[in-house]
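What follows is the residue order along each chain.
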Amino acid sequence: MTTEPAGALRVASFPLLEDVIVLADAAMRAREPRRIVANLVSGMQGLLPMAGALPPELLQPDPAGHVRRELYRSPRHGYQVLAITWGPGQGSSVHDHADTWGVEAVLRGQLEVVDYDIARRNRALTALRPSGHHALVDGSVIGLLPPHDLHACRNAGNRETAVSLHVYGMPLETVRRFVHVEDDLYRPEKIRLASV
């Protein structure tokens, strides 16, 4: 198992984070993942236009790769809130979300998200095919529900740092990353995610 890179900064609370926690606590009352995600997507679309300034720590990219910063874990409901800082052109490999639901929102910049479906499994390799494309800008929000949560993300900007906010149904500590081998074939590997 490998570990993804992480930054070294702690982030102070800020008004948008406090609003997202209140919204997520309320959404958890729905109990069913599809309804939780729908409530969070709708609620976050309403919150983001009034987000205000982001803490300076969230705007600091790492030249080595995108930085995951854990902002909150709910002691009552178990969900996790993360911010990811993407330097210009930085992206993730194709990955899943450890069988949990999620909501991803762009706070600054623009992200390109490509969804994938599993076409077939071939012993140690998996054939993937692109199944969707999202061009996300400030204020865009998408929901993720397993098993349709396989995607790759990248900062579509050449000069600007992008920041995204993620809420997951449980702490996302290990996921499957799919490493491209050739053509449509990828090698899945379990990785441990690091956050600060």
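For the structure, see preceding data.
Because the structure is predicted, anything quoted here is derived from the model rather than measured. (Residues numbered from 1 in each chain as written. Predicted model: local features only at pLDDT ≥ 70, side-chain atom pairs only at ≥ 80, totals over all residues. Heavy atoms only, no water.)

Enquirer: Help me understand the pattern of salt bridges in this model?
Expert: It is possible for side chains bearing opposite charge to pair when their charged atoms get close. By the definition in use, this model includes seven salt bridges. Salt-bridge contacts for E70 lead to R73; the nearest nitrogen and oxygen are separated by 2.6 Å. In this structure, E112 engages R154 in a salt bridge whose closest nitrogen and oxygen atoms are separated by 2.7 Å. Of this pair, E112 sits in strand β6 (residues 110-122) while R154 is found in strand β9 (residues 151-155), placing the two residues 42 residues apart along the sequence. Given a relative accessible area of 35%, R154 falls into the partly exposed group. (Salt bridge = Lys/Arg side-chain N within 4 Å of Asp/Glu carboxyl O. Helix = DSSP H or I, 4+ residues; strand = E, 2+ residues; numbered from the N terminus. Buried < 20%, exposed > 50% of the residue type's maximum accessible area, 1.4 Å probe, protein only.)

Enquirer: Explanation requested: the packing of helix α1 (residues 15-27) against helix α2 (residues 33-47) in the structure shown.
Expert: Helix-helix packing is characterised by the crossing angle of the two axes and by the distance between the axes. Interaxial distance between α1 and α2 falls to 9 Å at its minimum, and their mutual angle equals 150°. Compared by their axis directions, α1 and α2 come out roughly antiparallel. Here α1 runs over α2; the crossing is right-handed. Side by side, α1 and α2 meet where L16, D19, V20, L23, A24 and A27 of the first sit next to I36, N39, L40, G43, M44 and L47 of the second. Classifying every residue of the contact of α1 with α2 by side-chain character gives nine nonpolar, two polar and one charged. (Axes fitted to C-alpha atoms, helices over the stretch in contact; angles between N-to-C directions. Parallel < 35°, antiparallel > 145°, perpendicular 65-115°, else oblique. Left-handed = near helix turned anticlockwise from the far one by under 90°. Contact = heavy atoms within 4.5 Å. Nonpolar A, V, L, I, M, F, W, Y, C, P; charged D, E, K, R; others polar.)

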